[in-house]
Amino acid sequence: EHVEGDRVRVTAHISGLTPGAHGFHIHETGDCSAPDFTSAGGHFNPTAAQHGDPAGGEHHTGDLGNLEADAAGEAHLDTTVDFLSLEGEHTIVGKAVVVHADPDDLRSQPTGNAGGRVACGVIENSR
């Protein structure tokens, strides 16, 4: 992830998934130590928003929608968003990025009914 003006570019390349859609979110705690990744806490939501579709309408700061894994279980994302920050009060640095077992329906509260957590990583500043 890196800054492009006032926008943040998010890229992901994930393998080993089941084919199909998987919820993809930033979670509030940069801790992936629990076997089920619950140590990462809930969705990063510093503005107390409702869960939703990051492409439009109200959503958590950490809502990134879905990744689509192909038949080989590989998913790729390359998008630029204006609701993430790499510095300041609402920085995502030090938070966790989580891939869920199921698709995010982009409406159910509070998590989009995306199911269990199948992958987790801590967001770090590479500089």
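In this report, we go over the structure that sits alongside the text. From a predicted model like this one, the values you see are computed outputs, not experimental measurements. (Residues numbered from 1 in each chain as written. Predicted model: local features only at pLDDT ≥ 70, side-chain atom pairs only at ≥ 80, totals over all residues. Heavy atoms only, no water.)

Details of the sheet that holds strand 3 (residues 20-27)
Thought 1: The strand order across the open sheet built from four strands is 4-3-6-7, with neighbouring strands paired in antiparallel fashion. The sheet terminates laterally at strand 4 (63-69) and strand 7 (117-122), the two strands that pair on one side only. On average, each strand axis in the sheet is tilted by 25° relative to the strand beside it, whichever way the strands run.
Thought 2: Here strand 3 pairs with strand 6 (residues 96-100) via four bridges, running antiparallel. Directly across from isoleucine 26, in strand 6, lies its bridge partner valine 97. (Pairing = 2+ DSSP bridges. Helix = DSSP H or I, 4+ residues; strand = E, 2+ residues; numbered from the N terminus. Axes fitted to C-alpha atoms, helices over the stretch in contact; angles between N-to-C directions.)

Comments concerning the state of the cysteines
Thought 1: All chains considered together, the criterion is met by one disulfide.
Thought 2: The disulfide bridge from cysteine 32 ends at cysteine 120, spanning 2.0 Å between sulfur atoms. Looking down the S-S bond of the cysteine 32 and cysteine 120 bridge, the torsion is -70°, so its handedness is left-handed. In this pair, cysteine 32 sits in the loop between strand 3 and strand 4 while cysteine 120 sits in strand 7, placing the two residues 88 residues apart along the sequence.
Thought 3: Note on cysteine 120: relative accessible area 22%, which makes it partly exposed. (Disulfide = S-S within 2.5 Å. Buried < 20%, exposed > 50% of the residue type's maximum accessible area, 1.4 Å probe, protein only.)

Digging into the environment of glycine 112
Thought 1: Following the sequence through the fold, glycine 112 ends up in the loop between strand 6 and strand 7.
Thought 2: On the accessibility criterion, glycine 112 (0% relative accessible area) is buried.
Thought 3: Distance in space between the C-alpha atoms of glycine 112 and aspartate 63 is 9.4 Å, their sequence separation being 49 residues.
Thought 4: When residues no more than four places from it in sequence are discounted, the contact partners of glycine 112 are His51, Pro103, Asp104, Asp105 and Leu106. (Contact = heavy atoms within 4.5 Å.)

Some remarks on the pattern of salt bridges
Thought 1: Evaluation of the coordinates by the stated rule reveals one salt bridge.
Thought 2: The shortest N-O distance in the salt bridge between aspartate 78 and arginine 9 comes to 2.5 Å. With aspartate 78 in strand 5 (residues 75-81) and arginine 9 in strand 2 (residues 7-14), the pair connects residues that are 69 residues apart, well separated along the chain.
Thought 3: Overall, the relative accessible area of 48% leaves aspartate 78 in the partly exposed class. (Salt bridge = Lys/Arg side-chain N within 4 Å of Asp/Glu carboxyl O.)

Remarks on the nonpolar core
Thought 1: Counting residues in each nonpolar core, the largest one holds 18 residues, and the members touching the most others are Val10, Ile14, Phe24, Ile26, Leu67 and Leu84.
Thought 2: Where this core is concerned, the elements lending two or more residues are strand 2, strand 3, strand 4 and strand 5.
Thought 3: Not counting residues within four places of it along the chain, the set of residues in contact with isoleucine 26 comprises His43, Phe44, Gly62, Leu64, Leu84, Ile92, Lys95, Ala96, Val97 and Ile123. (Core = buried A, V, L, I, M, F, W, Y, C linked by side-chain atoms within 4.5 Å.)

Describing unusual backbone geometry
Thought 1: Proline 110 follows glutamine 109 through a cis peptide bond whose omega is 0°.
Thought 2: Structurally, the position occupied by proline 110 is in the loop between strand 6 and strand 7.
Thought 3: Backbone geometry at phenylalanine 37 places phi at a positive 65°, although glycine is not the residue there.
Thought 4: Inspection of the secondary structure puts phenylalanine 37 in the loop between strand 3 and strand 4.
Thought 5: Judged by its relative accessible area of 17%, phenylalanine 37 falls in the buried class.
Thought 6: Backbone geometry at alanine 48 places phi at a positive 55°, although glycine is not the residue there.
Thought 7: Note on placement: alanine 48 falls in the loop between strand 3 and strand 4.

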